[in-house]
Amino acid sequence: MTDAYDPTPDDRFSFGLWTVGNPGRDPFGAATRPVADPNHLVRKLAACGAWGVNLHDDDLVPFGSSAAERDLIVARFKATLVAEGMVVPMATTNLFAHPVFKDGAFTSNDPQVRAFAYAKTMAGIDLGVELGAETYVFWGGREGTEADACRDPRDAVKRMRDAIDFLCGYVKDQGYDLRFALEAKPNEPRGDMYFPTTGHMLHFISTLQHEEMVGVNPEVAHEHMAGLSFVQGVAQAIEAGKLFHIDLNAQRIGRYDQDLRFGSEDLKQAFLLVRLLEGTAAAASASGTGDAGVDHSRYDGPRHFDAHAYRTEDEEGVWHFARGCMRTYKILAARARAFDADPRVQAFTAGAGHGTDVLPLLSGYDADKAAALRALEVDVNAIGARGLGYERLDQLMTEYMLGVAG
Ligand code: DIG
Ligand code: MN
Ligand code: MN
């Protein structure tokens, strides 16, 4: 039985090979599922209605493969992609599994490790571009510390900047049409990781030599681990024109990186995130507040799930997991469109209309505006006593989410 929420390639949903291929291994137990062949995963993802598949270099070409072995694997994979009508929107490098990276890759104290990480990443970039990737993600899984005295954190920042600047230079020198997306995480597997949140990454990008080709790849679970609002962080990245990719999943606060099925935990934040990404919020607020020059551009990149099935599941459970990620996203998008179409909601996003006469004074300094602002008579007591109706708005949103409104 199919319905309006069954995914199609037009939805641009993508999964990493490492997600639907996760064998259920964890720090306390062995794999509960067989390791799947990448070509099998592509066929099953296509059958689920996914559009794209992403990969780390080692997910497709086992570490240490010869050039001939690599070419054979890649040729077969490309043939499968064509046969299944699937694309590779994003690629990345595994700079965290091999013991050589145990104390970091780009931030390692050992220049030889850093050199090897550069070379492995250039090869990974070549592979990604060969497969059609337009985005290259950097997640610094081992870039961090347990023994903080091991290096000056400022050296770590400088080394990371040298690496990203160098690799941007490589992409430009090769003439690749590729952008970088930096992914933050506060901890795990390292005790503390450098660049722990998307906010840290947004500043770091502003210090790069080729900042125009570098954005962020925020992940739901990672910002939640830091106790932050993922929606607000993503909104700031969109507003800065830096949301180049996104890792969708679910997470319960105060736990290890769970990478759960999208929407399976904090449904309200998932609803607000989908509302933001799909632009239903932007459309409503752009027509409402009259904020001059505020960029509410929506996100037009892949809807990528960096998540995996529960360890309890067999392969059938994995594909229920994958379909669940995509269906929940589509259901929430439909609910958000209905919510933002509601005149009562549009009245809110249009703003109560109070005090709009002072809007021209609030941007673009000049002495006249400063004088006018200081001469302004503001009835602070009347404003302070005014009810804002947010309980009604939030309950309305809850009822749209629960499907009893609209
Ligand atoms: C983990 O959150 C990381 C790795 O899975 C990968 O490097 C990146 C790609 O989205 N996310
Ligand atoms: Mn991720
Ligand atoms: Mn994660």
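Predicted model only: the values in this text are computed from it and were never measured.

Rules used throughout
Residues numbered from 1 in each chain as written. Chains lettered and ligands numbered in written order. Predicted model: local features only at pLDDT ≥ 70, side-chain atom pairs only at ≥ 80, totals over all residues. Heavy atoms only, no water. Helix = DSSP H or I, 4+ residues; strand = E, 2+ residues; numbered from the N terminus. Rg over C-alpha atoms; globule rule 2.2 N^0.38 Å. Buried < 20%, exposed > 50% of the residue type's maximum accessible area, 1.4 Å probe, protein only. 1 Å grid on protein atoms, 1.4 Å probe; cavity = no way out; pocket = protein on both sides within 12 Å on 5 of 7 lines; lining within 4 Å. Points joined across faces, edges and corners; volume = space filled by probe spheres on them. Nonpolar A, V, L, I, M, F, W, Y, C, P; charged D, E, K, R; others polar. Phe/Tyr/Trp six-rings, centres within 6.5 Å; stacked < 30°, edge-to-face > 60°. Axes fitted to C-alpha atoms, helices over the stretch in contact; angles between N-to-C directions. Parallel < 35°, antiparallel > 145°, perpendicular 65-115°, else oblique. Left-handed = near helix turned anticlockwise from the far one by under 90°. Contact = heavy atoms within 4.5 Å. Domains from an automatic or database assignment. Near = heavy atom within 4 Å. Areas by Shrake-Rupley, 256 points an atom, 1.4 Å probe, with all protein chains shown as cover. Sits in = over half its atoms within 2 Å of the grid points.

### Focus on the overall build of the chain
Step number 1: Broken down by element type, the chain carries 16 helices and 10 strands.
Step number 2: Taking 2.2 N^0.38 as the reference for a compact globule, 406 residues should give roughly 22 Å; the C-alpha atoms of the chain span a radius of gyration of 23 Å, in line with that estimate.
Step number 3: Considering only C-alpha atoms, the chain reaches an extent of 75 × 55 × 40 Å along its principal axes.
Step number 4: By residue count, 47% of the 406 residues in the chain fall in the buried class.

### Things to note about empty space enclosed by the protein
Step number 1: Applying the stated rule across the entire model yields 2 cavities of 30 Å³ or more.
Step number 2: One number sums up the size of the largest cavity: a volume of about 190 Å³.
Step number 3: Along the wall of the largest cavity there are 19 residues; nearest its centre are Phe138, Trp139, Gly140, Glu143 and Met160.
Step number 4: Every element with two or more residues in the lining of the largest cavity is listed here: strand 4 (135-139), strand 6 (179-183) and helix 7 (198-206).
Step number 5: When residues in the lining of the largest cavity are grouped by element, the largest group, 3 residues, is from strand 4.

### Points about the layout of surface pockets
Over the atoms rolls a probe the size of a water molecule, and its path tells where empty space is left.
Step number 1: As a volume, the largest pocket reaches approximately 1,600 Å³.
Step number 2: Sorting the residues of the lining of the largest pocket by element identifies helix 1 (17-20), helix 2 (38-48), helix 3 (57-60), strand 3 (90-92) and strand 4 as the ones contributing at least two each.
Step number 3: Of the residues in the lining of the largest pocket, the class split is 23 nonpolar, 13 polar and 14 charged.

### Digging into the packing of aromatic side chains
Step number 1: Going through the model one piece at a time under the given rule, you end up with 19 aromatic pairs.
Step number 2: Taking the centre distance of 5.5 Å and the plane angle of 65 degrees together, the rings of Tyr136 and Phe138 count as edge-to-face. The pair formed by Tyr136 and Phe138 is uniform in burial state, with each residue classed as buried.
Step number 3: Ring geometry for Tyr136 against Phe180: centres 6.4 Å apart, planes inclined by 50 degrees, an arrangement best described as tilted. A residue pair is termed long-range when its members are at least 10 positions apart, and Tyr136 in strand 4 and Phe180 in strand 6 qualify at 44 residues. Across the pair, Phe180 and Tyr136 agree in class, each one buried.
Step number 4: An aromatic cluster is defined as three or more aromatic residues linked by ring pairs; in this entry it consists of Phe13, Phe15, Phe262, Phe305, Phe321 and Tyr329.

### Structural notes on the packing of helix 9 (residues 230-239) against helix 10 (residues 267-277)
Step number 1: Interaxial distance between helix 9 and helix 10 falls to 9 Å at its minimum, and their mutual angle equals 15 degrees. When the axes of helix 9 and helix 10 are compared, the pair comes out roughly parallel. In the crossing of helix 9 with helix 10, the sense of the turn from one axis to the other is right-handed. Residues Phe230, Val231, Val234, Ala235 and Ile238 of helix 9 lie in contact with helix 10, whose contacting residues are Gln269, Leu272, Leu273, Leu276 and Leu277.

### With respect to the domain arrangement of the chain
Step number 1: Split into domains, the chain comes out as domain 1 (9-336) and domain 2 (347-401).
Step number 2: The C-alpha centroid of domain 2 is placed 38 Å from the C-alpha centroid of domain 1.

### Structural notes on the site of ligand 1
Step number 1: Around ligand 1 sit 13 residues in total, of which His56, Glu183, Glu219, Asp247 and Asp306 are the nearest.
Step number 2: Burial of ligand 1 by the protein chains amounts to 95% of its free accessible area of 300 Å².
Step number 3: If you map ligand 1 onto the pockets, it falls in the largest pocket.
Step number 4: Put simply, the parts of the chain that give the shell around ligand 1 at least two residues each are strand 3 and strand 4.

### Brief notes about unusual backbone geometry
Step number 1: Along the chain, Glu188 connects to Pro189 via a cis peptide bond; the corresponding omega equals 10 degrees.
Step number 2: Along the chain, Pro189 falls in the loop between strand 6 and strand 7 (192-193).
Step number 3: The phi angle at Arg12 is positive, at roughly 60 degrees, despite the residue not being glycine.
Step number 4: Note that Arg12 resides in the segment before strand 1 (13-16).
Step number 5: On the basis of relative accessibility, which here comes to 29%, the residue Arg12 falls in the partly exposed class.
Step number 6: The phi torsion at Asp259 lies on the positive side, around 50 degrees, for a residue other than glycine.
Step number 7: Relative to the elements of secondary structure, Asp259 occurs in the loop between strand 9 (247-248) and helix 10.
Step number 8: Classification of Asp259 by relative accessible area gives buried; the value is 12%.

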